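Architecture and fold: a report
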Amino acid sequence: MNINKKELPANEMLTARSDFVTVQSKGKKWVSNGLILQMRKNDLGIIRTGYTVSKKVDKSAVMRNRIKRRLRSVMAEVLPNATNGYDYILVGRKLTLTRPYNDLINDFKWCLKKTELYKK
RNA sequence: CGAAGGAAUCGGAUGACCGCUGCAUAUUUAUAUGGAGAGGAAAGUCUGGGCUUCACGGAAAGACGACGCUGAAUAACGUUCAGGAAGGGUUUUUUGCCCUUACGGCUAGUGCUGCAGAAAAUUAAACUACCUCUAUUGCCCUCGUGGCAUAAGAGGAAAAGGUGAGAAGGUGCGGUAAGAGCGCACCGCGAAUUUGGCAACAAAUUUGGCAUGGUAAACCCCGUCGGAAGCAAGACCAAAUAGGGGCUGCAUUUAUAUAUGCUUGUCAUAUAUGAAAGAUGCUUUCCGCAUCGCAGCUCGGGUAGGUCGCUUGAGAUAUUUGGUAACAAAUAUCCUAGAUGAAUGGUCAUCCCUUGAUUUUAUCAAGGACAGAACCCAGCUUAUAGAUUUCUUCGACAU
RNA sequence: GGCGCGGUGGCAGAGAGGCUAUGCAGCGGAUUGCAACUCCGUGUACACCGGUUCAACUCCGGUCCGUGCCU
């Protein structure tokens, strides 16, 4: 987890509700055991990231926050391998909470490979 | 010592490394350094306020809603404290102790009270049963104005039975044809007076003679309080696009004047001035409906987005004083999260606690309750592993 | 974050202090040569926990779940 910020490509957070909706409706989606990846090409040439954990996953706010923190950590580790110029949204599932951390990373890489956006 | 219940406090500790979000300082303006970073419930959004906007000349009443023993505390409350009353637990009983209570009024009015039961609410009703009188019939004998039983009728009474949540005070004695607060004693209830208490209320005395079944978490009456909505409140700055107002120019229709052209006209084009009378579409007419342009400048509203609101406050800690207490006052010290797709985390080490295993008093393994700020306070309610303190009750053992 | 509404059989849906209607679906029977339609019968419910009341699905308080609006 020792990721230096400088090595990451320039990226931003997705904040607006409308961005999430467009990615959901017009982008691609790939489901794995630990998480769900939604992505869509943007015209900005940078990577934008977002995270979704709904109340359906867990009623407790503590658990939802924990899932979000794990997703953030996974994103920080795998992001150098992702293609530029796309929006990525990670959706948490129930298994995200209990699945071993390395498996989560592999899940994300697998999703990227399946959507043909993985790069060495 | 153990168990149950009530109340209160705490809610793993220390260090290192790597991250995340504000703040301060420095400069290279995105980096470094420093320091800070969830709770007792941050939760539910159930009450009461601050604050903001809207409404409103002021006040009161009505309507609607909430609350309701008394006194105090508080900015306020449906909260808290102290007291009273009622109910429950414990105790052989009383006292005592502990727990609980939406605890004004059904003797202001109106309603409701199923089924069952004879009868369900002002002097109610009469199924069984009771008594008296009239009187039929039968039996008995001492043969009478007799006794016993009894169909029917008239009346008395509300004691007993059964129904029901509830049957119009309860128990006992007297009384009576049988009975009845009809009378008396005790108890319950109502009224008045006196005493104690700020009061709720309590006690005593006198008196009434039972009138007042229950239900107001039924309508309602009485008293008190309340304008409404909420930080996604609201204030400010302010793109793009669309639309609105104003100004200028062009365009459209028409009238007049002038000039030019040749086809010499009720012609065409251009310019100037005035008017907007109008034009187009819906096949035509009347009626009706719809639309009225283009470019530039400018004005204000306002969306996205941003900034503020935002954390110094009914503030925290300590001490003293007043008060039974809730709480209040004084003095000193301190500043202690402020995010916005939303930070507050992860790993390791040592210790603490729990569980399990090995076997033995140490090792190994797994784990650490409920739960995450979103404008801020005061409460209430709900969730909570474990630890500690304290009160009450019960049980066991010892003295 | 704030403000509201609701929870009744397998499904829909009334009721409202005194045994919870009705329709569809299910099951059994009648009718029919066999079915459909029709007729008859039948089983299964008031989200949960307390309180008020003689009596609560209904009234009151709390919990859980579902759902709408404010951007």
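Structure: above.
Residues numbered from 1 in each chain as written. Chains lettered and ligands numbered in written order. Predicted model: local features only at pLDDT ≥ 70, side-chain atom pairs only at ≥ 80, totals over all residues. Heavy atoms only, no water.

1. Quick look at the pairing of strand β4 (residues 47-52)
On any regular strand, side chains alternate: one points to one face of the sheet, the next to the other face. In terms of burial, β4 is a largely internal element, five of the six residues being buried. Of the pairings in the sheet, the one linking β4 to strand β5 (residues 86-92) comprises five bridges and is parallel in character. Bridged to Thr 52 within β5 is Val 91. Between the parallel elements β4 and β5, the chain passes through helix α2 (residues 61-78) in a crossover that is left-handed. (Buried < 20%, exposed > 50% of the residue type's maximum accessible area, 1.4 Å probe, protein only. Helix = DSSP H or I, 4+ residues; strand = E, 2+ residues; numbered from the N terminus. Pairing = 2+ DSSP bridges. Right-handed = clockwise from strand over helix to strand, strands pointing away.)

2. Observations regarding the packing of aromatic side chains
The geometry of an aromatic ring pair is captured by two quantities: the separation of the ring centres and the angle between the planes. This structure, assessed with the given rule, holds two aromatic pairs. Ring geometry for Trp 30 against Trp 110: centres 6.3 Å apart, planes inclined by 70 degrees, an arrangement best described as edge-to-face. A residue pair is termed long-range when its members are at least 10 positions apart, and Trp 30 in strand β2 (residues 28-31) and Trp 110 in helix α3 (residues 101-114) qualify at 80 residues. On the basis of an interplanar angle of 35 degrees and a centroid distance of 6.4 Å, the ring pair of Tyr 86 and Tyr 88 is categorised as tilted. On the basis of relative accessibility, which here comes to 0%, the residue Tyr 88 falls in the buried class. Over the aromatic face of Tyr 51 sits the side chain of Arg 72, whose NZ or CZ is 5.5 Å from the ring centroid. (Phe/Tyr/Trp six-rings, centres within 6.5 Å; stacked < 30°, edge-to-face > 60°. Lys NZ or Arg CZ within 6 Å of the ring centre and 35° of its normal.)

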